[in-house]
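Read off the chains here:
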Amino acid sequence: MKYNIAVLDGDGIGPEICAAAIEVLDKIGAKYGHVFNFKHYYIGGCAIDKFGEPLPQSTIDGCLASDSVLLGAVGGYKWDDLPGDSRPEKGLLGIRKAMGLYSNIRPAKLWKNLADASPLKPALVKNGVEIIIVRELTGGIYFGKRERGVENGAEFASDEERYTVPEIERIMRIACELAAKRSKRVVSVDKANVLESSRLWRKTVHEYAKKHFPDITVEDVLVDNMAMQIVKNPAQFDVVVTSNIFGDILSDEAAQVTGSIGMLASSSLGDTKRGLYEPIHGSAPDIAGKDICNPIATILAAAMMLRDSFSLTEEYAAIENAVQRALDDGYRTADIYVEGTKKTGCREMAKIIAGNI
Ligand code: IPM
Ligand code: MN
C-alpha cells in the first residue's frame, strides 16, 4: 500500500525527531512492503519566518490532502514576544481545529526496564502504570472567547471555558470505546465543585455512559485531587477523560511519572481516519540541533499513525517492540539516562530502533 504523509517538522528539536520517525517508517515500509511518501509543510515559528503566519493555507491544504499527518513541535524563544494570535502555538491549535481533531489520546505507560527513570519510589510503579488520557482537543478555554481591555483604569484579560453537550458526548464516546476494550472503567476529571462548565461536563458524561455504555463504570475525580493521585498511586488509573486544558496539564504530569515526557506520543483524531500524530512534549529550543533529544515519543507517534489511521497493527507492534528492545539493550537518551546505561544521541537512537525492526 501507498500512504501520503504530511510532515510538519516545526521548530526547535522538531526536525530532528521527525527525521528519526521517518527513518523508522522507511524501515517499516521496506520490511512490510509499504510506500510512505513524505511531504513537508511549514508550521509554527518557521512558518512565521517564511510566510508571516504560523499556519499558512498551503499547510492546511497539504494536511487535508494527505492520508495522515506527523508533527514535531512548535515554538521557541525567538517568537515568545509575539501577540497571542500570531504565536507559533496558534499554528498547532489552528491545524487541530482545521482538521476537526477533537479527540487526543495520550497513553502514559511505564516501559519495562525504565522504572529507574521514574521519579517515584519503585514500590509505587513496580506493577506497571498505564494511564490513557483522553483529552478533548478543539473546545474549552483553548478556543473560547478572549478579551483584552481596560476597565475602571485596570488592564484586564479573560479566556472563556465553554463546552456544549455534543462536544462532551463525542469525547466521552471515545473514552468509553477505549474502556470497553480494557478495564471498563472511565475516570472523568473536572472541577465541578467550582466551575459551571465542569458541572455540565459531569452530568453529561454520566448520562451518556448510562445510555450508550451501561457496562462502563464512570468515576469522577476533581482535577486538584487527580494531580495528587497521579503521583500518589498512578497504577489505579486506566482510561481518563478530561477537558482540553486539564488534559494538557495532567498529561505532562503522567508522562513524567512514567519516566520522561520524551517517551509519550499522542494521536489526534476526528470523525475520519486522517489524524495528526505528535509527541506530547514541546520544541525544547535549549537542546535543539545538538542531537541529544529523545526521538522515542515521535517514533511512537508514527507507530500510532500506522495502527489508528492505517490499521497496520502488526507494524505498530513491530515499532513498539523495537523501542522496548533498544531500552532492554541499555540505550538511553539523556532524559532517561541513569548510571550503568549507554548514553545515546537522537540520530543513534533512531538508527538502533530502525535496526531492531
Ligand atoms: C501540547 C502542547 C500544546 C497544547 C501547545 C504547544 C499549544 O503543550 O500539545 O500539549 O497546549 O496543546
Ligand atoms: Mn502540553
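Observations concerning the overall build of the protein
Line of reasoning, step 1. For the protein, the count of helices and strands is 12 helices and 14 strands.
Line of reasoning, step 2. A globule of 357 residues ought to have a C-alpha radius of gyration of about 21 Å, and the protein, at 20 Å, matches this closely.
Line of reasoning, step 3. Judged by the C-alpha coordinates and their principal axes, the protein covers about 60 × 50 × 40 Å.
Line of reasoning, step 4. Looking at the 357 residues of the protein, the share that counts as buried comes to 53%.
Line of reasoning, step 5. Summarising the internal contacts of the protein: among those between residues at least 6 apart in sequence, 75% fall at separations of at least 24.
Line of reasoning, step 6. Here the protein displays about 15,700 Å² of accessible surface, and carbon together with sulfur accounts for 52% of that area.
Line of reasoning, step 7. Treating the 43 positive side-chain charges of the protein as one cloud and the 49 negative ones as another, the clouds have centres 4 Å apart.

Looking at the environment of Val241
Line of reasoning, step 1. Looking at the element boundaries, Val241 is found in strand S10 (residues 239–242).
Line of reasoning, step 2. Residue Val241 is classed as buried on the basis of its relative accessible area of 0%.
Line of reasoning, step 3. With 230 residues separating them in the primary sequence, Val241 and Asp11 have C-alpha atoms 29 Å apart.
Line of reasoning, step 4. Not counting chain neighbours up to four residues away, the residues in contact with Val241 comprise Val134, Ile171, Met172, Ala175, Val186, Val187, Ser188, Val189 and Trp201.

Some thoughts on the environment of Trp111
Line of reasoning, step 1. Mapped onto the elements of the fold, Trp111 is located in the loop between strand S4 (103–109) and helix H5 (122–125).
Line of reasoning, step 2. Residue Trp111 is classed as buried on the basis of its relative accessible area, which comes to 5%.
Line of reasoning, step 3. Taking the C-alpha atoms as reference points, Trp111 and Arg87, separated by 24 residues in sequence, lie 35 Å from one another.
Line of reasoning, step 4. Filtering out sequence-adjacent residues up to four positions away, Trp111 remains in contact with Met263, Leu300, Glu320, Val323, Gln324 and Leu327.

Overview of the pairing of S10
Line of reasoning, step 1. Side chains Val239 and Val241 project from S10 onto one buried face, and the interleaved Val240 and Thr242 project onto a second face that is buried too.
Line of reasoning, step 2. Of the strand pairs in this sheet, strand S5 (residues 130–136) and S10 are connected by 4 bridges, and their pairing is parallel. The partner of Ile133 across the bridge, within S10, is Val240.
Line of reasoning, step 3. Where strand S8 (residues 185–190) meets S10, 4 bridges bridge the pair, whose relative direction is parallel. Directly across from Ser188, in S10, lies its bridge partner Val241.

Some remarks on the nonpolar core
Line of reasoning, step 1. Counting residues in hydrophobic clusters, the biggest one holds 48 residues, and the most contacted among them are Ile319, Val323 and Ile353.
Line of reasoning, step 2. At the level of elements, strand S1 (2–10), helix H1 (14–32), strand S11 (265–269), helix H10 (296–308), helix H11 (313–328) and helix H12 (346–355) are the ones that each hand at least two residues to this core.
Line of reasoning, step 3. Tallying contributions element by element places H10 first for this core, with 9 residues.
Line of reasoning, step 4. Leave out the neighbours within four places in its chain, and Val323 touches Trp111, Ile296, Ile299, Leu300 and Ile353.
Line of reasoning, step 5. The next biggest cluster of nonpolar side chains, apart from the first, holds 23 residues, and it includes Tyr102, Ile171, Ala175 and Ile216.

Brief notes about the side chain of Glu315
Line of reasoning, step 1. Inspection of the secondary structure puts Glu315 in helix H11.
Line of reasoning, step 2. Buried charge Glu315 goes without a salt bridge, the closest partner of opposite sign being Lys31 at 10.0 Å.
Line of reasoning, step 3. Within polar-contact distance, the side chain of Glu315 engages the side chain of His34 at 2.7 Å.
Line of reasoning, step 4. Beyond its immediate chain neighbours, meaning those up to four positions away, Glu315 contacts Ile28, Tyr32, His34 and Leu306.

As for the environment of Asn104
Line of reasoning, step 1. Secondary-structure assignment places Asn104 in strand S4.
Line of reasoning, step 2. Through-space distance from the C-alpha of Asn104 to that of Ala227 is 19 Å; in sequence the pair is 123 residues apart.
Line of reasoning, step 3. Look past the residues within four positions of Asn104 in its chain and what remains in contact with it is Ile133, Val134, Arg135, Leu137, Ser266, Ser267 and Ser268.
Line of reasoning, step 4. A polar side-chain atom of Asn104 sits 3.2 Å from a polar atom in the side chain of Ser266.
Line of reasoning, step 5. A distance of 3.2 Å separates a polar side-chain atom of Asn104 from the backbone oxygen of Ser267.

Considering the sheet that holds S10
Line of reasoning, step 1. Here we have 10 strands laid out as an open sheet, ordered S2-S1-S3-S12-S11-S4-S5-S10-S8-S9, and mixed in their pairing. Every interior strand has two partners, whereas the edge strands, strand S2 (35–41) and strand S9 (217–222), have only one. The mean angle between the axes of side-by-side strands here comes to 25°, regardless of whether they run parallel or antiparallel.
Line of reasoning, step 2. As judged from the 5 bridges shared by S1 and strand S3 (residues 68–73), these two strands associate in the parallel manner. Across the sheet, the residue bridging to Leu8 is Leu71, located in S3.

Let's talk about the confidence of the model for the protein
The predicted coordinates should not be examined in detail at positions where pLDDT is low.
Line of reasoning, step 1. For the protein, the mean per-residue pLDDT works out to 97, and 100% of the residues sit at or above 70.
Line of reasoning, step 2. At the level of individual helices and strands, the protein shows its lowest average pLDDT in H5, which scores 92, and its highest in S8, which scores 99.

So, the site of ligand 1
Line of reasoning, step 1. The immediate surroundings of ligand 1 are formed by Glu89, Leu92, Arg96, Arg106, Arg135, Tyr142, Asp248 and Ile280.
Line of reasoning, step 2. In this structure, Arg96 approaches ligand 1 through a side-chain N or O atom, which is 2.7 Å from an oxygen atom.
Line of reasoning, step 3. Arg106 has a polar side-chain atom sitting 2.9 Å from an oxygen atom of ligand 1.
Line of reasoning, step 4. Against a free-state accessible area of 320 Å², the protein chains account for coverage of 81% of ligand 1.
Line of reasoning, step 5. Of the residues forming the shell around ligand 1, the biggest block, 3 residues, is contributed by helix H4 (residues 88–98).

Rules used throughout
Residues numbered from 1 in each chain as written. Chains lettered and ligands numbered in written order. Predicted model: local features only at pLDDT ≥ 70, side-chain atom pairs only at ≥ 80, totals over all residues. Heavy atoms only, no water. Helix = DSSP H or I, 4+ residues; strand = E, 2+ residues; numbered from the N terminus. Rg over C-alpha atoms; globule rule 2.2 N^0.38 Å. Buried < 20%, exposed > 50% of the residue type's maximum accessible area, 1.4 Å probe, protein only. Contact = heavy atoms within 4.5 Å. Areas by Shrake-Rupley, 256 points an atom, 1.4 Å probe, with all protein chains shown as cover. Lys, Arg positive; Asp, Glu negative; His and termini not counted. Charge placed at Lys NZ, Arg CZ, Asp CG, Glu CD. Pairing = 2+ DSSP bridges. Core = buried A, V, L, I, M, F, W, Y, C linked by side-chain atoms within 4.5 Å. Salt bridge = Lys/Arg side-chain N within 4 Å of Asp/Glu carboxyl O. Polar contact = N/O pair within 3.5 Å; in protein donor to acceptor, adjacent residues only side chain to side chain. Axes fitted to C-alpha atoms, helices over the stretch in contact; angles between N-to-C directions. pLDDT = per-residue confidence, 0-100. Near = heavy atom within 4 Å.

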